[in-house]
Amino acid sequence: MIFENLIINDSIWGNLSSSFKKNKIPNAFIFSGDDGTGKEGHAIEFSALLNCKRVENNLFACGDCRSCMKSKKLKHEEIHFIHPSPTPKNKTKMSHSILDPKTIEELNKNYDVKSKNPYHKINLDGSNTIPIDLIRNLKKKLYYSKSDENWTVVIIFNSEKLCIPKAESANSLLKILEEPPERTLFILLTSNSNLLLPTIQSRCQKIFFKNFDNTELIKYVNENITVDVNPESIDLASGSVSRLLDDLNNNRSSKFLELLDLFYTNDLKDIEKFLSKANKIKTKNKNELPIYLNFLKVSSKDLLILSLNNENQSVDYKFLKEKYLSIINLFPNSNWEKVIELIDESSINISRNINFSLEIYSLLINVQSCLLGNSVNRLNAKIMTQI
């Protein structure tokens, strides 16, 4: 293996290695599942296996041959990585298909981290789509620089962004996906497979990576992490190694607990405190706040479940069970369905760049109303966010 810290899905790897052994490799796979479930690591590991010169008896890449060393560094000439990328600012006929130096530098830094941690998520600033020029460049490379000896593997990260905002990149990929050069494999990675064109889905074999259970996460922690990990971090990870690592790096569990105490309250003073903490999170990293809103959404779902049956064991955040029961006793008439809906609406509004502070303020006012069993004046909330 080239990744020592990758949790191998035995069932999935068994199917992949069997296709390799029988030389019955399809033109394309779709690896789907949540981030942090190993789909990216498995794609890179399988790419290394296809080109390994000393395959081990158990059908893993040896990790030591020249090909494996290049695969391990994510610098193999026959393994192509396609990512959502920012649109070049200075687009000319001669250079429009080349990533700008800043993006290339950012990618290389991410590759260095990814080579050591298969669960690292590569996110480039301003990258909301996979430009069609990247696909056009790829097609030229595949047809004009194809090696007869090795397997060429194309790994497309966040492949649903082939279809965003338009499907031109996806349509450009279709023909080569159906009739690729010999010994060429496409692996499309996605957490939102339903956003891929049906015509692309029909040309790929689909493999789903399920989330890990807490036992598997704890085992990963014991084998790979030297710092102590609390139960909160395990629960908040929701079966994702990358979310677990992000929680440890960003101290999310303690920040979430602070927000939680300020969210389920009827004290107007807590609104300002919540807003202040949310602004600090947003200022430090604008991509963090949606994660905390999702934590609050999951907690509201847990509260809904326990409000119907306080013995129910299917809550996601089990470490909050006692706190949940205290909140339910404090607000017995709460409309939890509406709270969930309000969090969803605010998440969408914030993603559309509606005034952040006003949106959060509106959310908290309406949640307090829901906690008391009162109706929500949705019109006023909408007006506030448009000021």
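Structure: above.
Residues numbered from 1 in each chain as written. Predicted model: local features only at pLDDT ≥ 70, side-chain atom pairs only at ≥ 80, totals over all residues. Heavy atoms only, no water.

Colleague: Just to check I follow, could you spell out the state of the cysteines for this structure?
Modeller: Linking two cysteines covalently via their sulfur atoms produces the bond known as a disulfide. Taken as a whole and assessed by the stated rule, the structure comprises 0 disulfides. Not engaged in a disulfide, the cysteine Cys65 finds its nearest cysteine sulfur in Cys68; these two sulfurs lie 3.5 Å apart. With a relative accessible area of 3%, Cys65 lands in the buried category. (Disulfide = S-S within 2.5 Å. Buried < 20%, exposed > 50% of the residue type's maximum accessible area, 1.4 Å probe, protein only.)

Colleague: Mind showing me how you'd approach the sheet that holds strand β5 (residues 205-208) here?
Modeller: Remark on secondary structure: sheet strands pair via backbone hydrogen bonds, oriented parallel or antiparallel. The strand order β2-β3-β4-β1-β5 describes an open sheet built from 5 strands, whose pairing is parallel. Lying at the two open borders of the sheet, with one neighbouring strand each, are β2 (79-82) and β5. Across the sheet, the mean angle from the axis of one strand to that of its neighbour is 20°, orientation sign disregarded. (Pairing = 2+ DSSP bridges. Helix = DSSP H or I, 4+ residues; strand = E, 2+ residues; numbered from the N terminus. Axes fitted to C-alpha atoms, helices over the stretch in contact; angles between N-to-C directions.)

Colleague: Any chance you could explain the pattern of salt bridges here in plain terms?
Modeller: Where charged atoms from two side chains of opposite charge come close, those side chains can pair. On inspection of all chains with the given rule, the structure shows 17 salt bridges. Among the ionic pairs, Lys114 bridges to Glu40, the shortest N-O distance being 2.2 Å. One end of the pair, Lys114, is in helix α4 (residues 101-116); the other, Glu40, is in helix α2 (residues 39-51), and 74 residues separate them in sequence. A single burial state applies to Lys114 and to Glu40, both of which are buried. Residues Glu105 and Lys109 are paired through a salt bridge, measuring 3.6 Å at the closest nitrogen-oxygen approach. Placement of the pair is Glu105 and Lys109 together in helix α4, with a separation of 4 residues, close to one helical turn. Residue classification places Lys109 among the exposed residues on the basis of a relative accessible area of 55%. (Salt bridge = Lys/Arg side-chain N within 4 Å of Asp/Glu carboxyl O.)

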